[in-house]
Amino acid sequence: MTDEIRRKKLTFRAWRRGFREMDLLMGSFADAEIGSFNTAQLDEFERLLGVPDWEVFAWLIGQKPVPPNYAGPVLDQLIAFRYAAQSG
């Protein structure tokens, strides 16, 4: 699978988490950032998509510390990402 096809599949998954707040956060993040990800970053993002919503959400809002085995540059970017609601 090419990285471009993989980006599309990961973006689709990011928008369909099942928990609306996470759909908005991870989907918007994917829309904004995934186009520049290399293979290692895609691997990390895919791994994050496999973590239950409530767990990632707790990390994003600072409610729980990020376990060392999930810490990485993509999660750092996601934590720093600021979702802005789009009109329309």
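Quick note: structure is the one above.
A short tour of the structure in this document, coming up. Everything numeric here is computed off the predicted structure, so don't read it as measured data. (Residues numbered from 1 in each chain as written. Predicted model: local features only at pLDDT ≥ 70, side-chain atom pairs only at ≥ 80, totals over all residues. Heavy atoms only, no water.)

Looking at the side chain of glutamate 44
Convention followed: Only DSSP runs of H or I covering at least 4 residues are called helices, and only runs of E covering at least 2 are called strands; the numbering of each starts at the N terminus. Each polar contact in these results corresponds to two N or O atoms within 3.5 Å; when the atoms are within protein, one needs to be able to donate a hydrogen and the other to accept it, and residues that are neighboring in sequence are counted only if both atoms are side-chain atoms.
Mapped onto the elements of the fold, glutamate 44 is located in helix α3 (residues 39-49). Within polar-contact distance, the side chain of glutamate 44 engages the backbone nitrogen of leucine 75 at 3.1 Å.

A short note on the pattern of salt bridges
Quick reminder of the rule: The rule for a salt bridge is simple: a side-chain nitrogen of Lys or Arg has to be within 4 Å of a carboxyl oxygen of Asp or Glu. Only protein chains enter the accessibility calculation, which uses a 1.4 Å probe; a residue is then buried when its area is under 20% of its type maximum, exposed when over 50%, and partly exposed in between.
This structure, assessed with the given rule, holds six salt bridges. Close ionic contact of glutamate 46 with arginine 13 constitutes a salt bridge, the shortest N to O distance being 3.8 Å. Of this pair, glutamate 46 sits in helix α3 while arginine 13 sits in helix α1 (residues 3-15); the two residues are 33 residues apart in sequence, bridging distant segments of the chain. Take glutamate 46: its relative accessible area is 33%, and that puts it in the partly exposed class.

Digging into the packing of aromatic side chains
Heads up, the rule is: Two rings from Phe, Tyr or Trp (for Trp, the six-membered ring) form a pair when their centres are within 6.5 Å of each other. A pair whose planes differ by under 30 degrees is stacked, one over 60 is edge-to-face, and the rest are tilted.
Under the definition given, this model contains six aromatic pairs. Centroid distance phenylalanine 29 to phenylalanine 45: 5.8 Å. Interplanar angle 45°. Geometry classified as tilted. One end of the pair, phenylalanine 29, is in helix α2 (residues 20-33); the other, phenylalanine 45, is in helix α3, with 16 residues separating them in the sequence. Pair check on accessibility: phenylalanine 29 and phenylalanine 45 agree, each one buried.

Description of the environment of alanine 80
By the element assignment, alanine 80 lies in helix α5 (residues 73-80). According to the relative accessible area criterion, alanine 80 is exposed, its value standing at 51%. Between the C-alpha atoms of alanine 80 and leucine 60, which are 20 residues apart in sequence, the distance is 8.5 Å.

Quick look at the environment of aspartate 31
Here is the rule we go by: Only heavy atoms enter the contact rule, under which two residues are in contact if any of them lie within 4.5 Å.
Its location among the elements puts aspartate 31 in helix α2. Taking the C-alpha atoms as reference points, aspartate 31 and lysine 8, 23 residues apart in sequence, are found 9.6 Å from one another. With near-sequence residues (within four places) excluded, aspartate 31 lies in contact with Thr11 and Trp15.

Examining α1
Rules: In a helix, the anticipated span is given by 1.5 Å times the number of residues less one. Think of it as the arc spanned by the lines of direction from the helix axis to the C-beta atoms.
Given a rise of 1.5 Å per residue, 13 residues ought to cover 18 Å, and the 18 Å separating the end C-alpha atoms of α1 matches this to within 8%. Looking at α1, one finds that the buried residues are Arg6, Arg7, Leu10, Thr11 and Ala14. The arc that holds every buried residue of α1, seen down its axis, measures 135°, which confines them to one face. Buried residues along α1 sit in contact with α2 and α3.

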